[in-house]
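As a plain string of letters, each chain reads:
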Amino acid sequence: MASVSQLNQFPCKTCSVVPPRHQSKASLPPNSIGVPSRFCEGPRLSTREFGRARPVFRVRVADDDEWGPEKDEPVSGEGSAAAAAVAVAEAEEEKSLEPAETAELKKALVDSFYGTDRGLKASSETRAEIVELITQLEALNPTPAPTEALTLLNGKWILAYTTFPGLLTLLSRGTLPLVKVEEISQIIDSENFTVQNSVQFAGPLATTSITTNAKFEVRSPKRVQIKFEEGIIGTPQLTDSIVVPENVEFLGQKIDLTPFKGLITSVQDTASSVVKTISNQPPLKIPISNNNAQSWLLTTYLDGELRISRGDAGSVFVLIKEGSSLLAP
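All of these numbers come straight from a predicted model, not from anything done at the bench. Position numbers for residues count from 1 along each chain, tracking the sequence in the order it is written. Per-residue local features of the predicted model are confined to residues with pLDDT of at least 70, and side-chain atom pairs are confined, for both listing and counting, to 80 or more; whole-chain, interface and lining totals are unaffected and use all residues. Water and hydrogen atoms play no part in the side-chain values, which are based on all heavy atoms of the structure.

A. Inspection of the pairing of strand β11 (residues 306–311) at higher detail. Using a 1.4 Å probe on the protein chains alone, a residue whose accessible area is under 20% of its type maximum counts as buried, one over 50% counts as exposed, and one in between counts as partly exposed. A run of DSSP states H or I qualifies as a helix once it reaches four residues; a run of E qualifies as a strand once it reaches two. Both are numbered from the N-terminal end. The buried fraction of β11 is high, at five of six residues. Between strand β10 (residues 294–302) and β11, which pair antiparallel and follow one another directly, the connecting turn spans three residues. Any two strands with at least two DSSP-identified bridges between them are counted as paired.

Okay, structure coming up:
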């Protein structure tokens, strides 16, 4: 920065705040440098009044080519405000990128379940891919304390993938001829602290379900303890339209059912009358009094449509909220 002595070597225009007493008002230079006229003429200002006025002084060098055009200095605080605005804009941009990244990972995870039958038929390569996607989503968990956001846990959740051996065994039963596991779901009521797990089976004649009712207790921001109270075998419901396929696959072999159509029709008629009789009966409830019928779940990812939980046996559960677009085929 140029010193005062250096600036004096250049011709410049200045204005004195208080004119000398021997100088008349007429001899004052024109007010051409932006100083308010009340500082160039009129009564003498006191120090206090001068401090309140806080005039802005500018020095304009005659040789503009050497020193460049005159620039107005920013008002105090404008620079910091601009920097803060830029910081806020960058933060908002980062936030807008996070949901897009999360949505992409969720879609990739759900797509990786295709053809795995909820994990039963997943290859080792597919399992490794699923584990990687789950790990990335857990790192972006928007709900770090799921048990403190129980309203998000409320509702019906559809199982999309699991590594739990008990459920995989149950799913393998669904590979029997004419029997299929339609849906595995979990209904959570956070107001009453209840959990209902349900498995729905479908056959050529009827559908039925197996349900367990349980209570849960909050043990940490992510963990709940579950105690099972009873099991329920649902009353079979007669299928509206009974359709027998031409062939079924069993143990890797296709069995042609065409020669047995007459026999199957006769069996269907008998079975239908039996199912109708059973359908009028109430569900069978089995109390669970075993103190060991407990488990815990650690929720590692939770939002409005996807939940990832880990069980006490090291199992992984991926569930999708009923009504979510992620359930669309």
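B. Just the packing of aromatic side chains, in detail. Each pair of aromatic rings taken from Phe, Tyr and Trp, with Trp reduced to its six-membered ring, is defined by centres within 6.5 Å and is described as stacked if the planes are under 30 degrees apart, edge-to-face if over 60, and tilted in the remaining cases. In this structure the tally under the stated criterion is three aromatic pairs. Aromatic side chains F164 and F317 sit 5.8 Å apart centroid to centroid with 45° between the ring planes, which places their arrangement in the tilted category. With F164 in the loop between β1 (155–162) and α7 (165–173) and F317 in strand β12 (residues 316–321), this residue pair connects regions lying 153 residues apart in the sequence. Relative to F216, the ring of F193 lies with its centre 5.2 Å away and its plane at 55°, an arrangement referred to as tilted. Of this pair, F193 sits in the loop between β2 (180–189) and β3 (194–202) while F216 sits in strand β4 (residues 206–218), and the two are 23 residues apart along the sequence. Exposure remark for F193: the relative accessible area of 35% places this residue in the partly exposed category.

C. Region of the structure containing empty space enclosed by the protein. Computed over the protein atoms alone on a 1 Å grid, cavities are sets of points where a 1.4 Å probe fits but cannot get out and pockets are open sets with protein on both sides within 12 Å along at least five of seven lines; a residue lines them when it has an atom within 4 Å of a point. Grid points are joined across faces, edges and corners, and a volume is the space filled by probe spheres set on the points. Scanning the model with the defined rule gives three cavities of 30 Å³ or more in all. If you go around the largest cavity, you meet 14 residues; those closest to its centre are L153, I188, V224, T299 and R307. Taken together, the elements giving at least two residues each to the lining of the largest cavity come down to β2, β5 (223–233), β10 and β11. Note on residue classes: Ala, Val, Leu, Ile, Met, Phe, Trp, Tyr, Cys and Pro are nonpolar, Asp, Glu, Lys and Arg are charged, and everything else, Gly too, is polar. Its residues assigned to classes, the lining of the largest cavity comprises eight nonpolar, four polar and two charged.

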